[in-house]
Each structure stands twice: as structure tokens, then as C-alpha cells.
Amino acid sequence: MMTPAALTKRAAPVLACIGLLAVWQVASLALKNDSFPTAIEAVRAIPDILGDKESLLNILASLRRMAIGFGVAVLVSIPLGLLMGRSRSIAAFFNPLLMVIYPVPKAALMPIIMLWLGVGDVTKTLVIFLGVSLPVIYHSFEGAKAVEEKMLWSGAAMGLSPAQRLVRIVLPAALPEILTGCRTGLVLALITMITSEMIARQSGAGNILFNALDMGQYDTVFAMIIIVGAMGIFLDALFERARARLVRWSEPQFDMPLSFS
Amino acid sequence: MKARQNGRGSNDAPHVCEGDGLSGRFLAKLVLLNVRASETRYGMTVVAARSSEWMRPVTSQEPASAIIEIDRVSQVFQTSARKDHLALSDISLTIEEGAFVSILGPSGCGKSTLLYIVGGFVSPTSGMAKIKGHAITGPGPDRGPVFQEFALFPWKTVLGNVMYGPRQQGVRAAEAEAQSRALIEMVGLKGFESFYPKELSGGMKQRVALARTLAYHPEVLLMDEPFGALDAHTRTRLQNDLLTIWERDRKTVLFVTHSVDEAVFLSDKVVMMSKSPGRIRQVIDIDLPRPRRRNELLLDPRYQKYVVDIERMFDESDEAGPVS
Ligand SMILES: Nc1ncnc2c1ncn2[C@@H]1O[C@H](COP(=O)(O)OP(=O)(O)OP(=O)(O)O)[C@@H](O)[C@H]1O
Ligand SMILES: [Mg+2]
């Protein structure tokens, strides 16, 4: 039997969604604008998209690029961030470089990359990679810097080599921080995925969305927004679950309530 | 060497059981496990020593060789105010193999720094430290630190922390676990094996830190106020346990403390330091019989005299030097 509090907690996101759709419905009925379909029209268009083989292949292609871009970025960024956090000379080398790249919107680099690598998968995956890398590097770097020195000394006294200390002490100790970076990276992967497909149309979820926009199929446009949004929410929830499991040892003991509940 | 020591221990385990109640029994178990571990590891047979060797007192009468030599060590720190701070000035100290040496001094006199230099974690600005005649250039499993800040691995459970060293040294998982469980029991944390460090109190963390270092059998223990955060009762119990371990294994111990009682009770030698710059004021030999029993010692006028004398010396240094 669930307590009322737990029930509320479970139901809250669903209620929020229903509330949002209701506001949408009322607003679109009130505005009576062609380019603003009602929530019901948009939701009705979802099965059409997901039932269409072509669209499904497009969405899968997007997800594949996103997975590869995200995966490679994480695999490269974590070691780099950790090395930067533990070695002053490596940090001194990469820091200025990253400082320059950091504020540049990665999609703004697309024209150049397209010029060099074409409009195919490689370009789009590379942009996703760039978008994900920076937050992951930054958080790994901060996490590695904050590792307590005495912990590393304890490891050294037990006979761990510098490389072993990096993998077996710095990595786990910085894991909570690293995963915070990965979570930001995941959301950014979704954003850059759609943006890249908007710039270089050819395939993908972003392609469906913007093609529909060009052809004035506004219910499809809004249905795609719902699909992409749902994908984001689902991936984030999945990641959050894995993260909570991996760093259970570091979660704070007592919740500091931010609300008055 | 190790195997022989362990053999001696297991041979004499019954003595300890009679004398020391609970903790002795835990220790006996522990030592037996060690013997098994070293047999399999080095393929040696265990040579049991004569019991007379065990009985022999280990004070200054025995010709002991120096294991650690600290030779004119100074340490200068660059502070944030861009001023040089002389934390240790011209420290020379020789520590004999198997000796229990305490370092006593006011806060900030460089006790921890001296320990870090012996541990190889910090290299001195000038002078050098040696272990068994070789210059100390870095940390190694022959010197086991117990830090003031505990420095437990927060992603490992209590058992995982204690097993870490033996596993790193190549002890098989089952053996490492059995040894570690016995050690955890000895430091009074039975039942907490699967707790994470964040779920422990300060005193409990300190006990895990002690067990974690003892688990990989360093020849020299470098202990930085290891009992500082404990309540009086646990403190006394762990002091006794440490003495029992020490009397059996004859590990060399370098022990930093604020407490004059503790230093006199445990040590063969008390090194008194003074502050700004950190210097050795005096080295006092504590000539009290072993094995020491706390209740007997507290009544011993010689013990009382050591404590009073050392406390008086501190008061004098406070009056002489600039007081902080
Ligand atoms: N990394 C460092 N950088 C600058 N100064 C330091 C550093 N480590 C220690 N010191 C200084 O060196 C002096 C000795 O420090 P240390 O930690 O060895 O003292 P301590 O005797 O262990 O004190 P306590 O009993 O409080 O632990 C202090 O004055 C401290 O400010
Ligand atoms: Mg200290």
C-alpha cells in the first residue's frame, strides 16, 4: 500500500503533463491560429509518425548518432578531465584550448565541419561529440582536483602506481561529479542532435520536424516536439536511475527540503 | 622474517588469551590467519621460535639497529601570503627497529609534516630521511600511515576499505576477507562490515583507518593522532590493543599525539617538539617495564613522575617562547 505522500510523488509528473496539455488545448482553441494545432490534434499525429517506417528509420538514425557521439565523448572526456585534474602541466596545456571552445555554440561550427566532412553522419556525430565533451571534461576535471590528497597517499602507501591511483582512486572518488557532467552532456547531446539535423537536413528526427514545418504540417511539427521531448525525459530518467545506483555511497544522508511540504 | 614473527605469535597465542581477554582472542585468530597468508604467499614453512624469545623484554637493553634515520631535516612551506614558513628546523632523530616512539608537541609544530616525510609523501626541503639505510624517495607498503583525517575510501564499505591493502598486495580474496573481518572485530566494529564511511561516526572512521593500515602489515606504523577522536573508553581499549599487537609483532611505531599520558603509557621514547620553528626539544627514554597494564601503570610512581615532568617541561616552553 502506498502512502499518500508517495502516491503524490509518483503522480506528480503525470499530473504536470496533463496540466501542460490542458493549458495548450485551451490556448490553441482561444487563439484559433492555423500554425498552432490543439494538443489533441498533435497527440493524434504521434501514432502516424511512429507507425511510418520511414519516420521510424529517421528517428533511429538520430538515436544512433546521439549514442555514438555521447559514448565516444564520455570515453574521451573522462580520462582527459581526470588527467587535467591531477597534472598541472596537462591542465595548463588543455585549459586555454577548452576556454576558447567552451562558449562557442557547437552548432555554429557546423558550416565549417560540413565543408570538410560533408553533410553525412560523421559531421552530425562530431557536433554531438563536441557538445557533450565540454561539460564532461569540466566536471571530471573539477572532480579529480577535489580528491583528497591523503586518500591518494593511502593508496600510494599500499603500493598503487600513479596509473592505478588514477583509475582506482581518482575515478571512483570523482564519480559523483563526473556523472553530474554526463547528465548535462546527455541533454546537450539531444539538443545538438536536433540542431545538427536542422542545419544539415538529410535524415533524422530534426529532419522530419523541419520538413513538416516547411510543408505547413503543424500537427506533425508539434507531435515531433512531443516525441523528442519524451525521448529526453525518458533518457534522463534512465540515466538518473543508473547514476543514483552507482553513487549511492555518496548521497547525502538527510534531505534538505527546498519546499514547505 | 615475517613468517617467523607470525610463527612466534601463533605459538604464543594462548599466553595472550589468558592475559588479555577478548581482544587477545581476536588477535590470536588474526595472527593465525596471517601465518596462513604468508605461507601461501611465500611458500615458506613457519618456524616456531623458542618461547624464551617471546618472553625477553624489548627495551633498550637489546642491541637494536636503526630502522629510520632522520638526518638534519628542514621543511619550508610557501604560504599563500608568499612568505616562507619554516615548519621543521634541523630535525635529527634515529628510531630503532621495533621501538615505539611518540612525538609530542603543541599544535602546528610540524608533527604531521615530520610523519609525512618519513612516509615519503613529502620530500624535505633539506636534509634526508632513511629507512634501513636507504634514502626515502616515496611511499611504500613498508610504512603504513594512519592519517589524522582518516582518508577512508568513501565508495568502499568498511570491509572493502580494510581489504584494499591486502588485495593490492596480492592476497587471495577469501584470505584477505577473513583477515579483514578479524581486524574489524578487533577494533570493535563487528556488524558494521557493510557500512559506508558516511554512515560511521568520527571515532568509528578512525578505527576503520587503523584496521585498514594494520591489514597490510607494514613494518613501520606512522600514526597521526589515531586516537584523537575517540571517547575515553574506546581510546583506552585501542591503546591496549595497539600495545598487544606491538608487543607481539614488534612493529616500529612512530606515534603522534597531544596527550602526555598516552605518550608515556605507550612509548619507549618520547620526542618533545617545540613550535615556530618546529624543533626537537628533548628526547626522553621511558624506562617502564613491559608488558604494560594500564591499571598497574597508573599507580606506578615512576609513570606518574614521567607524566608530571613532561607536563612541566611543556609549561616552561610555553613561558619561554611566544605563546599562540
Ligand atoms: N601544505 C602546507 N603549506 C603551507 N604550510 C603548511 C603546509 N602543511 C603544513 N604547514 C604549516 O606547517 C606547520 C606544521 O604543520 P603540521 O600539520 O605538521 O602541524 P602538527 O604539529 O601536525 O599540528 P596538529 O597537532 O594541529 O596536527 C604549520 O604551521 C602549518 O601551518
Ligand atoms: Mg597534525
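That block above? That's the structure.
## Quick look at the interface of chain B and chain A
The partner chain A presents 20 residues to the 24 residues of chain B that form the contact. Summing the contributions of chain B and of chain A, the shared interface buries around 2,000 Å²; its carbon and sulfur component is 64%. When the area that chain B buries against chain A is broken down by residue, the three leading residues are Trp155, Gln168 and Lys198 of chain B, summing to 33%. Put simply, chain B and chain A have 1 salt bridge between them.

## Details of the packing of helix H2 (residues 39–51) of chain A against helix H3 (residues 53–86) of chain A
Residues and elements named next belong to chain A. One can describe the packing of H2 onto H3 by two numbers: an axis separation of 5 Å at closest approach and a directional angle of 80°. It follows from the interaxial angle that H2 and H3 lie roughly perpendicular. Taking contact as the criterion, the partners of Ile49, Leu50 and Gly51 in H2 are, on H3, Lys53, Ser55, Leu56 and Ile59. For the contact of H2 with H3, the residue count by class is 4 nonpolar, 2 polar and 1 charged.

## Notes on the pattern of salt bridges
Counted according to the given criterion, the structure contains 20 salt bridges over all chains. Salt-bridge contacts for Asp268 of chain B lead to Arg290 of chain B; the nearest nitrogen and oxygen are separated by 2.8 Å. With a gap of 22 residues between them, Asp268 of chain B in the loop between helix H9 (260–266) and strand E9 (269–274) and Arg290 of chain B in the loop between strand E10 (279–285) and helix H10 (294–299) connect regions that are remote in the sequence. Take Asp268 of chain B: its relative accessible area is 13%, and that puts it in the buried class. Salt bridges sharing partners connect three or more residues here, namely Arg64, Arg65, Asp121 and Glu197 of chain A.

## A short note on the pairing of strand E4 (residues 126–131) of chain B
Residues and elements named next belong to chain B. Strand direction decides the pairing type here: strand E1 (residues 66–78) and E4, joined by 5 bridges, are antiparallel. What sits directly across from Asp71, in E4, is Met128. Inspection of the sheet shows E4 paired to strand E5 (residues 134–135) by 2 bridges, in the antiparallel sense. From the neighbouring strand, Lys130 faces E5, where its bridge partner is Ala135. Counted along the chain from E4 to the antiparallel partner E5, the turn is 2 residues long, and its residue Lys132 has a positive phi close to 50°.

## What to know about the coordination of the magnesium ion (ligand 2)
Residue and element names in this part refer to chain B. Ser112 (OG) and Gln148 (OE1) make up the full set of protein donors to the magnesium ion (ligand 2), lying at 1.9 to 2.5 Å. With Ser112 in helix H4 (residues 111–119) and Gln148 in the loop between strand E6 (143–146) and helix H5 (158–168), this residue pair connects regions lying 36 residues apart in the sequence. We classify Ser112 as buried; its relative accessible area is 16%.

## Quick notes on a negative patch on the surface
Residue and element names in this part refer to chain A. Taken together, Glu41, Asp48, Asp52, Glu54 and Asp219 make up a surface patch of like negative charges. Along the chain, Glu54 turns up in helix H3. For Glu54, a relative accessible area of 54% corresponds to the exposed category.

Parameters and conventions
- Residues numbered from 1 in each chain as written.
- Chains lettered and ligands numbered in written order.
- Predicted model: local features only at pLDDT ≥ 70, side-chain atom pairs only at ≥ 80, totals over all residues.
- Heavy atoms only, no water.
- Contact = heavy atoms within 4.5 Å.
- Buried area = accessible area lost by both parts, 1.4 Å probe.
- Salt bridge = Lys/Arg side-chain N within 4 Å of Asp/Glu carboxyl O.
- Axes fitted to C-alpha atoms, helices over the stretch in contact; angles between N-to-C directions.
- Helix = DSSP H or I, 4+ residues; strand = E, 2+ residues; numbered from the N terminus.
- Parallel < 35°, antiparallel > 145°, perpendicular 65-115°, else oblique.
- Nonpolar A, V, L, I, M, F, W, Y, C, P; charged D, E, K, R; others polar.
- Buried < 20%, exposed > 50% of the residue type's maximum accessible area, 1.4 Å probe, protein only.
- Pairing = 2+ DSSP bridges.
- Donors = N, O, S within 2.8 Å, 3.2 Å for Na, K, Ca; no water.
- Patch = residues over 30% accessible without salt bridge, like charges linked within 9 Å, V, L, I, M, F, W, Y side chains within 5 Å.
- Areas by Shrake-Rupley, 256 points an atom, 1.4 Å probe, with all protein chains shown as cover.
- Lys, Arg positive; Asp, Glu negative; His and termini not counted.
- Charge placed at Lys NZ, Arg CZ, Asp CG, Glu CD.

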